[in-house]
Protein chains: 2
Amino acid sequence: MKPIRLVAFTMLALLSAVLSAQAADLLPSWNDRPARKAIIEFVQATTDKASPNFVPPGERIATFDQDGTLWVEHPMYTQVTYCLEQVPALAEKKPELKNMEPFKTVLSGNREAIAKLSTKDLEKIFTATLTGMTVDEFDAEAKKWIETARHPRWNRLYTELVYQPMLEVMQYLRANGFKTYIVTGSGQDFVRVYSERVYGIPPEQIVGTIGATRFGYDKNGRPMLTREPGILLADSNAGKPEGIHMMIGRRPYIAFGNSSGDREMLEYTRAGGGARLALLVMHDDAEREYAYGPAQGLPDTRLGAFTQALYDEAKKNGWIVISMKNDWKSIFSFEK
Amino acid sequence: MKPIRLVAFTMLALLSAVLSAQAADLLPSWNDRPARKAIIEFVQATTDKASPNFVPPGERIATFDQDGTLWVEHPMYTQVTYCLEQVPALAEKKPELKNMEPFKTVLSGNREAIAKLSTKDLEKIFTATLTGMTVDEFDAEAKKWIETARHPRWNRLYTELVYQPMLEVMQYLRANGFKTYIVTGSGQDFVRVYSERVYGIPPEQIVGTIGATRFGYDKNGRPMLTREPGILLADSNAGKPEGIHMMIGRRPYIAFGNSSGDREMLEYTRAGGGARLALLVMHDDAEREYAYGPAQGLPDTRLGAFTQALYDEAKKNGWIVISMKNDWKSIFSFEK
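Residues numbered from 1 in each chain as written. Chains lettered and ligands numbered in written order. Predicted model: local features only at pLDDT ≥ 70, side-chain atom pairs only at ≥ 80, totals over all residues. Heavy atoms only, no water.

**Remarks on the sheet that holds strand β9 (residues 320–323) of chain A**
All names here are of chain A. With mixed pairing, seven strands are arranged side by side in an open sheet as β6-β5-β4-β1-β7-β8-β9. Each having just a single partner strand, β6 (223–233) and β9 make up the two edges of the open sheet. Direction aside, neighbouring strands of the sheet carry axes that sit 30 degrees apart on average. Note that strand β1 (residues 61–64) and strand β7 (residues 254–257) share three bridges and pair parallel. Looking across to β7, one finds that Phe-64 is bridged to Phe-256. Contacting β4 (179–187), β5 (206–217) and β6, helix α9 (residues 188–199) crosses the sheet at an angle of about 140 degrees to β4. Contacting β1, β4, β5 and β6, helix α10 (residues 239–247) runs over the sheet at an angle of about 60 degrees to β5. (Pairing = 2+ DSSP bridges. Helix = DSSP H or I, 4+ residues; strand = E, 2+ residues; numbered from the N terminus. Axes fitted to C-alpha atoms, helices over the stretch in contact; angles between N-to-C directions. Contact = heavy atoms within 4.5 Å.)

Here it is as structure tokens:
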């Protein structure tokens, strides 16, 4: 080999080694299986200017459902736990609630009875604990709670129960010019309280269920925003693409969900032109997290469950089903 | 003078010259008067880490009303003109409208009669021309229009009638880490059609009046979003702070308006802690643009006028009133 060729060959070999090392570094908590491969190929296809599926940086939108997709949603959605745990303090301020249902049941601490509360009962609890205060008061209250409340199974803060592989996906997408959004059925203002710290996602990139607010003035004539009963956007199912249009005004190129409540968002994402990726997190790891949903042969009785019909739609349309058990090397950062 | 001192002195003189040159380059279409000075001092106070009013980059939010603040709003809001000009094409598709009011009046071309249409009539026209199509169809239609429609006075595209001094403020704020938002009574999706090209503001940073959309499927089972009658947010007056909270989730540090419809946004902005700046554009230049509002002794009969009461509130509370006549060297970029 002539010296100049040798140099070229060596450089090429070095470059190739560097590139494989980089590829191996990508998404380190993911096993090298089809889901990881699909995400990496999607990013390459949308960010390479020579690719027919290149997407200009400003249009690179990625959306993530939260509960069950980014963090643990069992045994209850975190915000539902928040609302239930606010009831005792509320009953101190308004003692008349102590003998009124559904507050009486919540105060009894009887878990079985609480689990059986109807949707209507829960709505009463949501209204009582999420409205009637200023947005700043709510923010302070929710912040205080989320900084101390712990999940019963792990005895860890809820904010520690985020899925490490999903954090890596968010960072990887952002490093490639994607703007990451959370699109959640949970309250927009609730998730905003911790989203920046936990996910690196600022308040303006949270699309959630939106309650009404009312601008007014306090006793001293100081402007304030009060949280009111009434929902402007129920950000689940059809509400997800509607909320995405309202809050972002662009269609995502990649969207992650884990239940039927995410179905319309994934369909809407895929219906755009070019390379679009839809992914569903499947909870099939009872040992490290939970197992529920179609692959388990277990009924998923939650609101917005991962149904067999959703699984079939995913398989039929080339959506990626992520197996927590098989695709994720580790689930939480504290496992490492 | 010793040589070393001479060098130091020369360097200091040079540095000082460079700094003044930079200051002189800032906001070049602004005369060196209190409004320009207040904006520059605000940016210095909020971006200097040593300042007691320093604001971390992510929290630097700037909001701008559009019509009358960023571009010409006379003789009509641009979107109202759009809706009126859509009526002939609509009547071709739905001939029954030709003999129905208020469409008949619009089709007559009688400007006086059109100017007298009631709010209820206008709402009928808005519903007929802004809803009933998919969001993509509306986007294409509005885009086609805005690329060709011209203002009667200047015979120029509406998008050319942006105020050059305000473009400079936006660029200056962005260069200093501020995220710029439009907060407008006009339709959110209408402004999104041109905002990126005209102002450098992407769709997700437009807060406007929000119409309902409905997710569904077309004949071929393809997901689509349809524009529906019904308003989710009327983004004027109290709707502006409410919309800001919903879409951004943070309080602005600096806000620009030009009418009573912006009052609550400016009040809300100023009520935050630290350095917060509220500014009102006053139309007092009949020669180069229009003159209306309190300083003219002329009644401003528009919806959301710049009233004398607003002027008094501004003066009382240290808001900056920008005189187009005195503060702006040039108004439009084509004047240069």
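From this point, the discussion proceeds with the structure in view.
**Some remarks on unusual backbone geometry**
Cis geometry is found at the peptide bond from Glu-101 of chain A to Pro-102 of chain A, where omega equals 5 degrees. Looking at the element boundaries, Pro-102 of chain A is found in the loop between α3 (78–93) and α4 (103–108). Residues His-74 of chain B and Pro-75 of chain B are joined by a peptide bond in cis, for which omega reads 0 degrees. We note that Leu-27 of chain B has phi near 45 degrees; this positive angle belongs to a residue other than glycine. Note that Leu-27 of chain B resides in the loop between α1 (3–25) and α2 (34–47). Although it is not a glycine, Asn-155 of chain B adopts a positive phi angle of roughly 50 degrees. Of note, Asn-155 of chain B is situated in the loop between α7 (135–146) and α8 (164–175).

**Thoughts on the interface of chain A and chain B**
Counting residues at the interface gives 36 residues for chain A and 36 residues for chain B. Between chain A and chain B the total buried area reaches about 3,000 Å² when both faces are included, carbon and sulfur atoms providing 53% of it. Three residues, Glu-204, Phe-215 and Met-246 of chain A, lead the burial of chain A against chain B; their summed loss comes to 20% of the area buried on that side. There are eight salt bridges connecting chain A and chain B. Between Glu-204 of chain A and Arg-250 of chain B there is a salt bridge, with the nearest N and O atoms lying 3.3 Å from each other. The interface formed by chain A and chain B holds 22 residue pairs in polar contact (both at pLDDT 80 or more) in total. Of the residues contributing to the side of chain A that touches chain B, the split by class is 17 nonpolar, five polar and 14 charged. (Buried area = accessible area lost by both parts, 1.4 Å probe. Salt bridge = Lys/Arg side-chain N within 4 Å of Asp/Glu carboxyl O. Polar contact = N/O pair within 3.5 Å; in protein donor to acceptor, adjacent residues only side chain to side chain. Nonpolar A, V, L, I, M, F, W, Y, C, P; charged D, E, K, R; others polar.)

**Quick look at the sheet that holds strand β4 (residues 223–233) of chain B**
Pairing between the strands of a sheet comes from backbone hydrogen bonds, and it takes one of two forms, parallel or antiparallel. All names here are of chain B. In space, the seven strands of this open sheet follow the order β4-β3-β2-β1-β5-β6-β7, with mixed pairing throughout. Each of the sheet's edge strands pairs with one partner strand only, and the pair in question is β4 and β7 (320–323). When strand polarity is set aside, the average angle formed by the axes of neighbouring strands in this sheet is 30 degrees. Alignment of strand β6 (residues 277–282) against β7, held across four bridges, turns out to be parallel. Bridged to Leu-279 within β7 is Ile-320. With respect to the sheet, α8 is in contact with β1 (61–64), β2 (179–187), β5 (254–257) and β6, its orientation differing from that of β1 by roughly 165 degrees.

**Description of the pattern of salt bridges**
When the charged atoms of two side chains with opposite charge come close together, those side chains can pair. Tallied over the entire structure, the rule returns 36 salt bridges over all chains. Glu-196 of chain A is the salt-bridge partner of Arg-250 of chain B, the closest N and O atoms lying 3.2 Å from each other. Of this pair, Arg-250 of chain B sits in the loop between α10 (239–247) and β5 while Glu-196 of chain A is found in helix α9, placing the two residues in two different chains. Between Asp-65 of chain B and Lys-240 of chain B there is a salt bridge, and its shortest N-O distance comes to 2.9 Å. With Asp-65 of chain B in the loop between β1 and α3 (78–93) and Lys-240 of chain B in helix α10, the pair connects residues that are 175 residues apart, well separated along the chain.

**Regarding the environment of Asp-65 of chain A**
Residue and element names in this part refer to chain A. Relative accessible area serves as the criterion here: at 6%, Asp-65 is assigned to the buried category. Linking Asp-65 and Thr-127, residues 62 residues apart in sequence, is a C-alpha distance of 23 Å. Once you skip the residues sitting within four places of it in the chain, Asp-65 turns out to touch Leu-70, Val-183, Thr-184, Lys-240, Phe-256, Gly-257, Asn-258, Asp-262 and Met-265. Within polar-contact distance, the side chain of Asp-65 engages the side chain of Thr-69 at 2.7 Å. (Buried < 20%, exposed > 50% of the residue type's maximum accessible area, 1.4 Å probe, protein only.)

**What about the packing of aromatic side chains?**
Enumeration according to the criterion identifies 36 aromatic pairs over all chains in this entry. Residues Tyr-163 of chain A and Phe-332 of chain A carry aromatic rings whose centres are separated by 6.1 Å and whose planes lie at 40 degrees to one another, so their mutual orientation is tilted. On the criterion of sequence distance, the pair formed by Tyr-163 of chain A in the loop between β3 (156–157) and α8 (164–175) and Phe-332 of chain A in the segment after α13 (324–327) is long-range, its members being 169 residues apart. With respect to class, Tyr-163 of chain A is no different from Phe-332 of chain A; both count as buried. With a centroid separation of 5.2 Å and an interplanar angle of 45 degrees, the aromatic rings of Tyr-82 of chain B and Phe-190 of chain B are classed as tilted. Linking Tyr-82 of chain B in helix α3 with Phe-190 of chain B in helix α9 (residues 188–199), this pair joins segments that are 108 residues apart in sequence. A relative accessible area of 1% means that Tyr-82 of chain B is categorised as buried. The structure contains a cluster of three or more aromatic residues connected by ring pairs, namely Trp-71, Tyr-82, Phe-138, Trp-145, Tyr-158, Phe-190, Tyr-194 and Tyr-199 of chain A. (Phe/Tyr/Trp six-rings, centres within 6.5 Å; stacked < 30°, edge-to-face > 60°.)

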